[in-house]
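# Architecture and fold: a report
Single-letter residue listing:
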Number of protein chains: 2
Amino acid sequence: MTASPSSRVTIKDVAARAGVSKGAVSLAFNRKPGLSEATRDRIFAAARELGWEPNLTARSLSSSRVDVVGLAICRPARMLGLEPFYMEFVSGVESVLTEHSCSLLLRLVRTVEEEAGLLESWWRGRQIGGSILVDFRADDPRVAAAERLAMPVVAVGHPTLTGSLTSVWTDDATAVTEAVRYLAALGHRRIARVGGAAALGHTVMRTAAFDAAARTLGLAGAWQVATDYSGEAGARATRSMLTAAPADRPTAIVYDNDIMAVAGLAVAAEMGLGVPGDVSLLAWDDSQLCRLTHPTLSAMSHDVHGFGAEAARTLFGVITGSGPGSHPVPTPVLTPRGSTAPPRG
Amino acid sequence: MTASPSSRVTIKDVAARAGVSKGAVSLAFNRKPGLSEATRDRIFAAARELGWEPNLTARSLSSSRVDVVGLAICRPARMLGLEPFYMEFVSGVESVLTEHSCSLLLRLVRTVEEEAGLLESWWRGRQIGGSILVDFRADDPRVAAAERLAMPVVAVGHPTLTGSLTSVWTDDATAVTEAVRYLAALGHRRIARVGGAAALGHTVMRTAAFDAAARTLGLAGAWQVATDYSGEAGARATRSMLTAAPADRPTAIVYDNDIMAVAGLAVAAEMGLGVPGDVSLLAWDDSQLCRLTHPTLSAMSHDVHGFGAEAARTLFGVITGSGPGSHPVPTPVLTPRGSTAPPRG
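Each chain has its residues counted from 1, running along the sequence as written. As a convention, the first chain written is A and the first ligand written is 1, with the rest following in written order. The predicted nature of this model means local features are confined to residues of pLDDT at least 70 and side-chain atom pairs, given and counted, to a pLDDT of 80 or more, with totals for whole chains, interfaces and linings taken over all residues. The side-chain numbers reported here are obtained from all heavy atoms of the structure, hydrogens and water having been left aside.

### Some remarks on unusual backbone geometry
Residues and elements named next belong to chain A. Of the consecutive residues H294 and P295, the connecting peptide bond is found in the cis state with omega at 0°. By definition, any uninterrupted DSSP run of H or I lasting at least four residues is a helix, any uninterrupted run of E lasting at least two residues is a strand, and each is numbered from the N terminus. By secondary structure assignment, the location of P295 is in the loop between β9 (280-285) and β10 (298-301). Even without a glycine there, the phi angle at R126 is positive, about 55°. Within the secondary structure, R126 is located in the loop between α7 (112-124) and β3 (131-133).

Put into structure tokens, the structure is as follows:
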């Protein structure tokens, strides 16, 4: 969406032009009773003349306290339990919701199209006061659905994926580049990456950033595979990389989460390869798992709990009338521990 | 909130404006099939224009279908993200809820007293059709609260803790006894246990069963400590046990979850002790973590996903009128892997 006039014109301007209170403008746009037909028409005319449209929050501004917000997750139920990311994210969301005596309505869906339908049903049925949207794809149908419903949402995803929606996001490209630079600075020339789900927008960005960084640094190999984020898939990918011919075998592997890096550590041990002596491993997200292994896992540290909390705080901001915006959270930072070192020889 | 226009506008007005019957309005707001998308939209538009909201009492009376069930968890938000158990349990609950197009209303609470109040508010506000109660204490106030409200609930806990409520539970005492017997059969005489939160009913039962089994088998040591289930606490407890004088040092340790066992494995490695050569480790719950370590972790395997699914199925049974009952799920079974062996020497 192009820059919206509403970022310059406010409800106050509309009220002044129509000669009414801000409350009257809100009543008119929420189609609530209490205004004469003539007043309503005058308000709509003033808004048209000024190019003003009610922002996404107009409806909830005028309604009662929000005590439920929604979160749909588009993953198989089994997967949800297997990855620390979502529970940490949900725990961060809950930490803010609790301060507002607000509950989280959680639902697993199979497709983002199903989620778009669910959002409409939740919203029309007055079950939620707003929703947190996660795991954006290219051309994600939830963007249009949330816009059409004029429903308060926060989109957890890069602004290039989330249209006009208020977004909270991490700079994945910069973090991937830092990871590759760090390993290259240690002397690694064959660096591989075990990535997440290929359909997700942020996986696409990380993959492109990894390729670009490898090219810039003139690295011999930039072997990348997509997985479903599970430890089993991480183990399979690691095994296939470490059994390659010596000339192709990576000396350092970056993972898109931490459970796959833990699995990679076990695969190296089962193959009799030392970490970091024979192969360096670098995890992502950095849940407590990374500090519970031996050696401890170097990681791109990302405060996932804080990410969830920021998403919830931003949603409450949208609900209470903040304009749309883009809220980057801190970029994951390199935390070197025991699993990365210069390559041998 | 001021008096709402909906106190004057009735379902009849909405039906008239939309040109449909009252029954059709009810169908739309209860999200029941039988209406075209266009009709449904017209009804929602009419309701919006009139500022009408469905009367919640009428709504639930007219709808036997439950579309939201509650789950409150009494743990600090930070802890929730750190332990695989809850996310696996929730994923099992969601797998059954999804079949019923039902969502989960999730809330973190600080105390079970707060939860008892929340249940009342959820139930009286018609926000949920029933609730799953977890983590029972002795004399748990939620038993009386659920009885008083005559609210459909399933209590996840041993029948001795859950009063007249329908319960779903695992036989923890039998599983602990099996774990101790197995380690003793391998030849261990000094067996320790790193337990969960001391306030929880099932921790009390496991502690008593562990002591009883050790006495029966005439074991020298039955060292038990309570923790908060975190990896950090598991590491601390393991370090303290493994630095004891040789005559006191356990040769086998049982953990109450898997993340603490993973942490114990790292502590042994950092101290230069071999697993299972110098010390055997036995995990609990057996999430995928146990198969991703090296050596792999022997565990008391418990299908936590299936446990959550059974709790949800039982709740739907209660909602549709099954009498109260007690539903044991399969007892955790010993799954020997690489981390347990006879003691050295």
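### Describing the pairing of strand β1 (residues 68-73) of chain A
All names here are of chain A. Burial of β1 is extensive: 6 of the 6 residues sit out of reach of the surface. Of the two faces of β1, both are covered, the one formed by V68, G70 and A72 as well as the one formed by V69, L71 and I73. What makes two strands pair is DSSP finding at least two bridges between them. As paired elements, β1 and strand β2 (residues 103-108) share 6 bridges and run parallel to each other. Considered in β2, the bridge of L71 is made with L106. Across 2 bridges, the pairing between β1 and β3 is parallel. Residue pairing across strands places G70 opposite S131, the latter belonging to β3. Per-residue accessibility, obtained with a 1.4 Å probe over protein chains only, is compared with the maximum for each type, and a residue is labelled buried under 20%, exposed over 50%, and partly exposed between these values.

### Describing the environment of S164(A)
All names here are of chain A. Within the secondary structure, S164 is located in the loop between β4 (153-156) and β5 (167-169). The buried category is assigned to S164, whose relative accessible area is 15%. Sequence spacing of S164 and E49 is 115 residues, and the spatial spacing of their C-alpha atoms is 22 Å.

### As for the packing of helix α6 (residues 84-99) of chain A against helix α13 (residues 304-319) of chain A
Residue and element names in this part refer to chain A. Orientation is described by axes fitted as lines to C-alpha atoms, over the contacting stretch for helices, and by angles from 0 to 180 degrees between their N-to-C directions. Running from N to C, α6 and α13 point in directions that differ by 45°, and their axes come no closer than 7 Å. Here α6 lies oblique to α13, going by the angle between them. In the packing of α6 onto α13, the handedness of the crossing is right-handed. Contacts between α6 and α13 involve F85, E88, F89, S91, G92, V93, S95, V96 and L97 on the former and, on the latter, V304, H305, F307, G308, A309, A311, A312, R313 and F316. For the contact of α6 with α13, the per-class residue count stands at 11 nonpolar, 5 polar and 2 charged. Our angle categories are set so that under 35 degrees counts as roughly parallel, over 145 as roughly antiparallel, 65 to 115 as roughly perpendicular, and the remainder as oblique. In this scheme, a crossing is called left-handed if the near helix is turned counterclockwise away from the far one by less than a right angle; it is called right-handed if the turn is clockwise. Residue contacts follow a heavy-atom distance rule, with two residues in contact if any of their heavy atoms lie within 4.5 Å. Residues are grouped as follows: Ala, Val, Leu, Ile, Met, Phe, Trp, Tyr, Cys and Pro are nonpolar; Asp, Glu, Lys and Arg are charged; all remaining types, including Gly, are polar.

### Concerning the pattern of salt bridges
We define a salt bridge as a side-chain nitrogen of Lys or Arg found within 4 Å of a carboxyl oxygen belonging to Asp or Glu. Enumeration according to the criterion identifies 31 salt bridges over all chains in this entry. The salt bridge partner of E232(A) is R291(B), with a shortest N-O separation of 3.9 Å. Highlighted residues: E232(A) in helix α11 (residues 231-242) and R291(B) in the loop between β9 (280-285) and β10 (298-301), drawn from two different chains. For E232(A), a relative accessible area of 33% puts it in the partly exposed group. With a closest N to O distance of 3.3 Å, E114(B) and R110(B) form a salt bridge. By relative accessible area, which is 27% here, E114(B) ends up partly exposed. Judged by its relative accessible area of 63%, R110(B) is exposed. Via salt bridges that share partners, D172(A), R193(A), R206(A) and D256(A) belong to a single interconnected network.

### Some thoughts on the domain arrangement of chain A
Note: domain ranges come from an automatic or database domain assignment. Domain assignment breaks chain A into domain 1 (5-54), domain 2 (66-170 + 305-328) and domain 3 (172-302). Just the C-alpha atoms count here: the centres of domain 1 of chain A and domain 2 of chain A sit 29 Å apart.

### Quick look at the environment of W52(B)
Residue and element names in this part refer to chain B. Assignment of secondary structure puts W52 in the loop between α3 (37-50) and α4 (56-62). Taking relative accessible area as the criterion, W52 reaches 6% and is therefore assigned buried. A sequence separation of 52 residues divides W52 from L104, and the C-alpha atoms of the two residues are 26 Å apart.

### Regarding the interface of chain A and chain B
Residue-level contacts link 52 residues of chain A with 57 residues of chain B. Between chain A and chain B lies a buried interface of about 4700 Å² when both sides are counted; carbon and sulfur atoms form 60% of it. For the pair chain A and chain B, the number of links is 2 salt bridges. Breaking the side of chain A that touches chain B down by element, the ones donating at least two residues are α5 (77-80), α6, β2, α7, α11 and α12 (258-270) of chain A. Of the residues forming the side of chain A that touches chain B, the biggest block, 8 residues, is contributed by α6(A). Classifying every residue of the side of chain A that touches chain B gives 21 nonpolar, 17 polar and 14 charged. As paired elements, β2(A) and strand β2 (residues 103-108) of chain B share 3 bridges and run antiparallel to each other. When the bridges of β2(B) are listed, L105(A) appears paired with L105(B). Accessible surface is computed with a 1.4 Å probe, and the buried area is the amount of it that two parts give up when combined, taken over both parts together.

### So, the pairing of β10(B)
Residues and elements named next belong to chain B. In β10, alternate side chains face the same way, and those of S298 and M300 on one face and A299 and S301 on the other are all buried. Bridge count between β10 and strand β12 (residues 333-335): 3 bridges; the pairing is antiparallel. Its bridge partner lying in β12, S301 is registered against V333.

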